[in-house]
Amino acid sequence: MTVGNIASKKERKSRRNKPVDENAPLLPKRQEDVGFDEFNGASFTGAVFNLSTTIVGAGIMALPAIMKVLGLVLGVALIIFMAFLTEASIEMLLRFSRVGKCASYGGLMGDAFGKTGRIMLQVAVLINNIGVLIVYMIIIGDVLSGTSSSGSHHAGVLEGWFGEHWWNARAFVLLVTTLFVFSPLACFKRIDSLSYTSALSVALAVVFLVITVGITIVKLINGSIAMPRLMPNVTDMTSFWNLFTTVPVLVTAYICHYNVHSIDNELEDSAQIKPVVRTALALCSSVYIMTSIFGFLLFGDATLDDVLANFDTNLGIPYSSLLNDAVRVSYAAHLMLVFPIVFFPLRLNLDGLIFPSAQPFHQANMRFALVTIGLIVLIFLGANFIPSIWDAFQFTGATAAVCLGFIFPASITLRDRHNIATKRDKILCVFMIVLAVFSNAMAIYSDAYALIKKNPSPRE
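First things first, this report covers the structure right here in the doc. (Residues numbered from 1 in each chain as written. Predicted model: local features only at pLDDT ≥ 70, side-chain atom pairs only at ≥ 80, totals over all residues. Heavy atoms only, no water.)

Our focus in this paragraph is the environment of S198. With respect to the helices and strands, S198 occurs in helix 7 (residues 195-221). Given a relative accessible area of 0%, S198 falls into the buried group. Sequence separation between S198 and V338 is 140 residues, and the spatial gap between their C-alpha atoms is 7.0 Å. Dropping the residues within four chain positions of it, S198 is found in contact with F49, N50, T53 and I341. (Helix = DSSP H or I, 4+ residues; strand = E, 2+ residues; numbered from the N terminus. Buried < 20%, exposed > 50% of the residue type's maximum accessible area, 1.4 Å probe, protein only. Contact = heavy atoms within 4.5 Å.)

Structure (structure tokens):
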């Protein structure tokens, strides 16, 4: 089954207004008669939390480093600009989906470009989401069990609390986390079933933000924070090209397009999806801006690509060690709860790619279990055998993520099979494609040049 084979929303009537057959038996005759029909539709709040959780992932920890490259003024402006661009691309997807009666991103790509378009979309989701989930698991291992780089060891939370033991080694901690956290959460067949964990995930992101803001305010009061750089420091062409390396990070930070249709399909009132998208983007943009500003204020030019790594040193305030642990644990827990939200479309697209003509996925328990187990094993092995994925994450952000977020939606609009695109739409789409291709080509070139020359990353 492909994600494009889900029933069209136009064919689904409101579940609340579903007529009652007085002659129907009180109990179903067969088990298969009981299913998704008993689901009364997702709430507005649950949809906002699910979409917000899709958006806020590992990318939030790289945002303070963007301020280091761009300066506060240009950095905040780019975060806001990217939010509006994301909203515009999602609006195009939804508008063309309604006209084409497509209930999924894959179905819409198939409607515009045929089987090739659908396969391209599914492959992009696989590359993006597998890479993102491996990054999540690596970061969780770093936070809980520690990591070693450049000859220095950064102790994990468990190692700091209990000392070094076999049971808090990286591989064992990730195995336990996979078996008792990721696997149970990955077993849900509806994305709305994750609305409560999504709400908790957003709350944990806010906890991280509140602690960071509090620490920064304390240090501002005691005068230990220097004036931050407001604009980028461009001294030559190399530093100018380095500005474009921030684009893949921002693109990855806002990627949620692959889950919009799944959330839309489960809403009781499909007219709510646009307010859901705008509310989620407004919420996440606020968190992003606050995290970027206060994270950069707190660490200044010492800000690392992953700002979480800055929280393993003395912050110079009372209870520094306790606050460091609170920040790292809250973020690790946040990623654990984000995992199933990103995993949901990954599993659906892989099943659609391998079994395009099979029965509906939620009805095939054996296939559902095999695909789920296979993906979790692959991600677990990747997190254990790939020592560092940050450079690879940069490349996936500049390829698969930018395709999902901007190039595919713009291409669908320019294709305009139903003749509904306006002149403004087409101008915006050309701008999206040019911006995406140019800026990400520059980012790939800059990172590849740094790797070949063995120079440090421009944000380190």
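Having seen the model, we can carry on.
The end-to-end C-alpha distance of helix 1 (residues 44-55) is 17 Å, a good match for the 16 Å that twelve residues give at a rise of 1.5 Å each. Most of helix 1 is tucked away: nine of the twelve residues are buried. Every buried residue of helix 1 is listed here: G46, A47, V48, N50, L51, S52, T53, T54 and I55. Lining the buried residues of helix 1 we find helix 7, helix 9 (246-254), helix 10 (257-266), helix 11 (273-299) and helix 12 (320-354). (Expected span 1.5 Å × (residues − 1).)

A separate point is the packing of aromatic side chains. For the structure shown, the criterion picks out six aromatic pairs. On the basis of an interplanar angle of 75° and a centroid distance of 5.3 Å, the ring pair of Y254 and Y288 is categorised as edge-to-face. Of this pair, Y254 sits in helix 9 while Y288 sits in helix 11; the two residues are 34 residues apart in sequence, bridging distant segments of the chain. This pair shows no difference in class: Y254 is buried, exactly as Y288 is. Where F299 meets F311, the ring centres are 5.2 Å apart and the plane angle is 90°; that geometry is what we call edge-to-face. Of the two residues, F299 sits in helix 11 while F311 sits in the loop between helix 11 and helix 12, which places them twelve residues apart along the sequence. You can call F311 buried: its relative accessible area is 0%. One aromatic cluster in this structure is built from F182, F339 and F343. (Phe/Tyr/Trp six-rings, centres within 6.5 Å; stacked < 30°, edge-to-face > 60°.)

The values reported here are purely geometric and, on their own, carry no functional implication.
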